Amino acid sequence: MRSLIAILAAKAASKVNRISGSGGSSFPGMVAKKIDKDILQKLVLNNFPKGIIVVTGTNGKTTTTKLIANMLDEAGITYVHNRTGSNMERGLISSLTDTADISSKISAEVGLFEVDEAFMPKVCRAIKPETIVVTNLFRDQLDRYGELDKIARSFRSLFEDLPGANLVLNADDPLVASLGYNLENERKATYIGVANYNGPKLKHDYTADSIFDPFTQEKLHYTDRYFSHIGRYRGKRGGFSRPKLDFMAEDVKQKGIENIKFVVNNSTKAIKLDMPGLFNVYNSVAAFATAKIALEISDKDINFALNESSAAFGRSEALSYKGRELLLLLIKNPTGLNQVIQSYLLKEKDRLLVFVINDNYADGRDISWLWDAAFEDLSDYKGKILVGGSRAYDMALRLKYAGLKGVSVEPDEAKLLEKIEKNSSKRSNIFILPTYTAMLSMRSKIVAEDEKAKEYWQ
Amino acid sequence: MKKIKIAHLYPERMSIYGDHGNTLALEQRMNWRSIKNEVVRVEVGEKIPNDIDLIFIGGGQDKGQVVVANDLLKKASQIRDFVESGGPLLSVCGGYQLLGEYFISNDYGQIQGIGLFNIISKATDTRMIGNIVVQSEKFGQLVGFENHSGATEFIGRANPLGVVKKGYGNNPNDKLEGVIYKNAIGTYLHGSFLPKNPKVADWLIRQAIKHSGQTLKLKELNDELENSARKFAAKRP
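Residues numbered from 1 in each chain as written. Chains lettered and ligands numbered in written order. Predicted model: local features only at pLDDT ≥ 70, side-chain atom pairs only at ≥ 80, totals over all residues.

Regarding the environment of Ala177 of chain A
Residues and elements named next belong to chain A. Quick reminder of the rule: The secondary structure listing takes helices from DSSP runs of H or I that are at least 4 residues long and strands from runs of E that are at least 2 residues long, numbered from the N terminus. For every residue, the other C-beta atoms within 10 Å of its own C-beta are counted; 20 or more classify it as buried, 12 or fewer as exposed, and values in between as partly exposed. C-beta atoms are placed from the backbone. Once C-beta atoms are placed from the backbone, any two residues with those atoms within 7 Å are in contact.
Structurally, Ala177 is set in helix α9 (residues 174-178). Residue classification places Ala177 among the buried positions, given that 23 C-beta atoms sit within 10 Å. Separated by 65 residues in the primary sequence, Ala177 and Arg242 place their C-alpha atoms 7.1 Å from one another. What Ala177 contacts, discounting residues up to four positions off in sequence, is Leu169, Asn170, Ala171, Tyr191, Arg242 and Pro243.

Quick notes on helix α10 (residues 278-293) of chain A
Stated formally: Multiplying 1.5 Å by the helix residue count minus one yields the expected span of that helix.
In a regular helix each residue adds 1.5 Å, so 16 residues correspond to 22 Å; α10 of chain A covers 23 Å between its end C-alpha atoms and thus fits that length. Among the 16 residues in α10 of chain A, 15 count as buried, and that is most of the element.

So, the nonpolar core
Heads up, the rule is: Only buried Ala, Val, Leu, Ile, Met, Phe, Trp, Tyr and Cys residues enter a nonpolar core, and they are joined through C-beta atoms within 7 Å.
Residues Val354, Ala396 and Ile432 of chain A together with Ile55 of chain B are the most contacted members of the largest nonpolar core, which totals 113 residues. The biggest single contributor to this core is helix α13 (residues 392-401) of chain A, with seven residues. Residues Val54, Leu148, Ile151 and Phe262 of chain A belong to the second largest nonpolar core, which totals 86 residues.

Notes on the domain arrangement of chain A
Residue and element names in this part refer to chain A. This is how it is decided: Bear in mind that the domain bounds are from an automatic or database domain assignment. Any residue outside Ala, Val, Leu, Ile, Met, Phe, Trp, Tyr, Cys, Pro, Asp, Glu, Lys and Arg is labelled polar, Gly included; the first ten of those are nonpolar and the last four are charged.
Domain annotation of chain A identifies domain 1 (2-308) and domain 2 (315-457). Centre-to-centre separation of domain 1 and domain 2, based on C-alpha positions: 27 Å. Those elements giving two or more residues to the side of domain 1 that touches domain 2 turn out to be α4 (61-75) and α7 (142-145). Here the side of domain 1 that touches domain 2 is built from residues that sort into ten nonpolar, eleven polar and six charged.

Considering the confidence of the model for chain B
The following threshold applies: pLDDT expresses, on a scale from 0 to 100, how confident the predictor is about each individual residue.
Confidence in the prediction for chain B averages 96 pLDDT; 100% of positions are at 70 or higher. This complex was scored by the predictor with a pTM of 0.93 and an ipTM of 0.97.

Brief notes about the packing of α13 of chain A against helix α6 (residues 224-235) of chain B
We count it as follows: In this description, a line fitted to the C-alpha atoms serves as the axis of each element, helices being fitted only across the stretch in contact, and the angle between N-to-C directions of two axes falls anywhere from 0 to 180 degrees. Crossing chirality is assigned from the near helix's rotation relative to the far helix, an anticlockwise turn below a right angle marking it left-handed and a clockwise turn marking it right-handed.
Two elements in contact, α13 of chain A and α6 of chain B, have axes whose closest approach is 8 Å; the angle formed by their N-to-C orientations is 150°. Pair α13 of chain A / α6 of chain B crosses with left-handed handedness. Residue-level contacts link Tyr393, Asp394, Ala396, Leu397 and Lys400 of chain A of α13 of chain A to Leu225, Glu226, Ser228, Ala229, Phe232 and Ala233 of chain B of α6 of chain B. Its residues assigned to classes, the contact of α13 of chain A with α6 of chain B comprises seven nonpolar, one polar and three charged.

Describing the pairing of strand β14 (residues 352-356) of chain A
Residue and element names in this part refer to chain A. Cut-off, in case you're wondering: Strand pairing is assigned whenever DSSP identifies at least 2 bridges connecting the two strands.
Burial runs high along β14: five of the five residues are buried. Here β14 pairs with strand β17 (residues 429-434) via five bridges, running parallel. Along β17, the bridge assignment pairs Phe355 with Leu433. Alignment of β14 against strand β15 (residues 385-388), held across four bridges, turns out to be parallel. Looking at the pairing, Leu353 lines up with Ile385 of β15.

Overview of the sheet that holds strand β13 (residues 324-329) of chain A
Residue and element names in this part refer to chain A. Overall, mixed pairing links the six strands, which are arranged β12-β13-β17-β14-β15-β16 in an open sheet. Of all strands in the sheet, those bounded by a partner on one side alone are β12 (315-321) and β16 (407-409). Going from strand to strand, the sheet's axes swing by 20° on average, the running direction of each strand aside. The strands touched by helix α12 (residues 334-345) are β13, β14 and β17; relative to β17, the strand with the most contacts, the crossing angle is about 175°.

Focus: the interface of chain A and chain B
Facing the 23 residues of chain A at the interface are 31 residues of chain B. Looking at the side of chain A that touches chain B, the elements with two or more residues in it are α7, α8 (148-161) and α13 of chain A. By residue number, the principal contributor to the side of chain A that touches chain B is α13 of chain A, which donates six residues. Considered class by class, the residues forming the side of chain A that touches chain B number ten nonpolar, two polar and eleven charged.

Pasting the structure below:
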């Protein structure tokens, strides 16, 4: 009875949200949980006959989840997933109350959720997923998440409490790989990774944290480090080493900033992904492995889905603004930012480049991470650079110490947009690198402006 | 002029968030004045060169700190001698704690420090997080971001780096931040610390030049951007 009231209240809240166009997607979840604190558990009970999949990790959660969703679409399997960014407990509840009928029944076959690292223990103990994917663990918003090691420990004890769950782990990230090491009762994790990578690398990468044996603290030996602490490594004989890959990408080739090609597990067909960057190859292999082991989707459907995929909201999203082409590239932490530098900025050095750095709670209050990113690799960047956001001056200072000149500061967002227009010509291509809240507000302003322009011409 | 050598201790295990910015600030502020310089990375098991002019140690994850603490004990007398002879040193967060008498951690018990500073630190249940503003007699207003659950207290005589105007500092109680002993500084300020607090960076450089046995009046730099960034940061929640 309590859960019925909770679902009805959440649905009502959701309707209010839609009509007023305000309120976050976590609001209905908050209402439902107030009424029934066990609502999350009740909503998954007896639902999802083909299982629940959870995707977590520092970077790539949204994209990996989206790729799995595309594969499910291709295979004709129905699913429920949480909307972008709503990856904490309330967001999950909202996505479930939206689709449940009043008897808590959900007709979809699969539950597919991205879950914030900090909420993993709580959420997973309630929904008991059949499959857990961990993409990677990098330094990220220490003010919110604490140290990497603490997150890893919470995951390890969670996995012990879910003895039946499939684990899909990134073998090339030592800390993530160690989560599947010495599991109870000969339980085996599924390991994904990249066999070799010959593309460009950064010269000033300061983001590696997990380059030590997680059990003995001795330094690991890397035969190749692709970025941060991701790569091919080995430890002492008989101790922890990079696990054998169950799903691996090979022949990774990126040309320009349009796409990246690779082959998974020696299949004869190369996958062409319209999202450049080695990190997206990792996201693809993780999605590939999950589709195979948890959902038994065919290679044909998986390949087709990957070839047809486009970037998720705000992550390498193309928008037009006053006749210019903007590429929105979300940045949240130094490793993600480094990947943007490596896959985009080093390839197109002439474009107008705009950083928008906010320090609101959702961005992380601490902006120290800017100092760990590889701006030194941009010393020969030729395009003009604008910086905005609540920490515009910190960003400008970072670029000054990286030796970049001609940087212009504009903390006010409306004026920044004017400056973007003034400093570029029509039909030119522009890179915008915003933090999370800056991405949301910039995006809505840009989209609104574009709609207005379209209406005018109609 | 002879090259100024900076020893960056344990960059692999002790540079958790933005510590790179501290050595970068020292390097660039010397480069801009045409002072030759070099940063020597010193990892666990490696020796600190005898001819260094400045020591920097950053913060790390608790787990990495145990290995570093043991290694630091082997370097203790060299570091103490360096500081006693006027050598400049900057230590941030975890590095600061390990230069005290001891640190009592939640997971690894009592970790022995090298006793350079008259401080002890203990893990607490309060996570002291946020932008921090400090008033220092020597340097004026200092800003940074703190993120620690270890609380530090003075034992015996010790001078704080400054008084906390916003935030926590050494501990939740006495409104003091950091420590300064001879030319050695300990602080909880990340951010990175030196780029937004150029007075401290230049003071360290001045001491390093003096310690190298040379004399040079530092040229003034244009710190407009540094000062704007500090003013903005001081206003953030």
